Amino acid sequence: MAGTGMSTLGLDPVEERLYRHFLRNPETTDENVHLLLHTSPAAVRAALDRLIELGLLHQSDAGALTASDPGLAVDRLSRLRLLSLHEELQQVTQSRRLIDELRREQGPRSHPAQDVEQLEALEEIRTRIDDLAFFARHEILSAEPYTELTPENIAHARPLDARCLQRGVRMRSMILRQALSHPSTAGYLHELAAQGAEIRVLDDLSERILVYDRETVLVPADPTDTSRGALLTRQPGLVANALALFEKIWNEASDLPDPAAQSDAAHRLSAVEQLVLAEMCQAGKDDIGARNLGISVRTYRRHIAEILRVLGAGGRAQAALLARERGWI
């Protein structure tokens, strides 16, 4: 019995049986072959024409038919099938442009889509985040107040983040400055920045926001308890509010510190300023720090002002935190 293995290469059962028939019986005609295949003459004629067009059968001037070598036949069918699949894949990837057209078909009286979707299970939330990132086309915005990423978090996120950046998706992320004190987390953030991600840091960040292509927002159902699930919305008003909040916080954040620039800055502190920095982080009062170093309070404070400038800190507490993060003390 003839097999159907060639169906994956684009041949229908009649075409495959005809090809196999002429492999076994070369230099024969198609006379009455429809009787052998138990099908109509018209179906056989159509199948023969397609096999000849594909180059799987060759017909002599006398009408005799010979099948092509199986290696050549399979190779040709494979290449044609792959070309067809490639064209289908291109059509599928471009199908999102149909969304607006189909939505117009709904008309103004159509039942509105669900404004807010509640996601409860953690695995469901993770899966939805992965899907949204995978299909993002233009931009991903995130504000996430984590203090560290586990090795599992990083291993899971790395291929998805890299894919987005390689496809030209703009990624803007805000994190807590404290996360930079965790070596593997800081390393991964600088890895993303090197690939083109824009990352900013804040000393205080409580908001959790994810926005995809400025049309889909994911936030915790309860900002004080992330175990209660998440809310996903595409409602324009809610999305606009989330975007406004994100941009406000983004403008208040600082750029991710450059490790090389930090190292260079450390060398710009004089020996006395290094001592003042250590005292500033330990001594509670300026007069005590100045007395410990044997300098005047005025000179001590002048050195502190220079240290704040070099660190880019807005105050002593931030300067102490930055100095510890960078290993200066």
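Right above here is the structure, for reference.
Once a new chain begins, its residue numbering starts again from 1 and follows that chain's sequence as written. In keeping with the model being predicted, local features are shown solely for residues with a pLDDT of at least 70 and side-chain atom pairs are shown and tallied solely at 80 or more, while totals for entire chains, interfaces and linings include all residues. With hydrogens and water stripped out, all remaining heavy atoms of the structure feed into the side-chain values.

Here we take up the sheet that holds strand E5 (residues 170-176). What makes two strands pair is DSSP finding at least two bridges between them. Secondary structure is summarised from DSSP: a helix means a run of H or I of at least four residues, a strand means a run of E of at least two, and numbering begins at the N terminus for each. Taken together, the eight strands give an open sheet; going across it, the order is E3-E9-E8-E7-E4-E5-E6-E10, and neighbouring strands pair in mixed fashion. The sheet is open, and its two borders are formed by strand E3 (116-119) and strand E10 (254-255), each paired with just one other strand. The pairing of strand E8 (residues 216-220) with strand E9 (residues 230-233) spans four bridges and is classified as antiparallel. Counterpart to valine 217 in the pairing with E9 is threonine 233.

By secondary structure assignment, the location of aspartate 213 is in the loop between strand E7 (209-212) and E8. Only protein chains enter the calculation, and the probe is 1.4 Å; a residue is then buried if its accessible area is under 20% of its type maximum, exposed if over 50%, and partly exposed in between. For aspartate 213, a relative accessible area of 13% translates into the label buried. Any pair of nitrogen or oxygen atoms within 3.5 Å is treated as a polar contact; in protein, a donor-acceptor pairing is required on top of that, and neighbouring residues in sequence qualify only through side-chain atoms on both sides. At a separation of 2.7 Å, a polar atom in the side chain of aspartate 213 contacts the main-chain amide nitrogen of histidine 138. Residue contacts are defined here by distance: any two heavy atoms, one from each residue, within 4.5 Å place the two residues in contact. Contact partners of aspartate 213, with chain neighbours within four places excluded, come to Phe135, Ala136, Arg137, His138 and Glu139.

Let us now look at the side chain of serine 68. Note that serine 68 resides in the loop between strand E2 (65-67) and helix H4 (70-93). Residues within four places of serine 68 in sequence aside, it is in contact with Tyr19, Leu23, Gly55, Leu56, Leu57 and His58.

All of the buried residues in helix H14 (residues 316-325) are Gln318, Ala319, Ala320, Leu322, Ala323 and Glu325. Where H14 is buried, its residues contact helix H11 (271-282) and helix H13 (297-311). Phi for glycine 327, located one or two positions after H14, is positive at around 75 degrees.

By definition here, a helix of n residues has an expected span of 1.5 Å times n minus one. Taking 1.5 Å per residue, 14 residues should reach 20 Å; helix H6 (residues 122-135) reaches 20 Å between its end C-alpha atoms and fits that length. Every buried residue of H6 is listed here: Ile125, Asp130, Leu132 and Ala133. All buried residues of H6 fall inside an arc of 165 degrees around its axis, so they share one side. Set apart from the buried face of H6 by more than 90 degrees, the exposed residues are Glu123 and Phe135. Where H6 is buried, its residues touch E3, strand E4 (139-144), helix H7 (151-166), E7, E8 and E9. The directions from the helix axis to the C-beta atoms form the arc being described.

Another point: unusual backbone geometry. Non-glycine residue glutamate 27 carries a positive phi angle of around 60 degrees. By relative accessible area, which is 54% here, glutamate 27 ends up exposed. Phi is positive for asparagine 32, close to 60 degrees, though the residue is something other than glycine.

A separate point is the packing of aromatic side chains. We call Phe, Tyr and Trp rings a pair once their centres come within 6.5 Å, taking the six-membered ring for Trp, and we label the pair stacked below 30 degrees between planes, edge-to-face above 60, and tilted otherwise. Overall, the coordinates contain two aromatic pairs when judged by the stated rule. Centroid distance phenylalanine 134 to phenylalanine 135: 5.1 Å. Interplanar angle 80 degrees. Geometry classified as edge-to-face. For phenylalanine 134, a relative accessible area of 36% translates into the label partly exposed. Geometrically, the ring pair formed by phenylalanine 246 and tryptophan 250 is stacked, given 5.9 Å between the ring centres and 20 degrees between the ring planes. Of this pair, phenylalanine 246 and tryptophan 250 are both found in helix H9 (residues 236-252), four residues apart, which corresponds to roughly one turn of the helix. Judged by its relative accessible area of 5%, tryptophan 250 is buried.

None of the figures reported here should be taken as evidence of function without further support.
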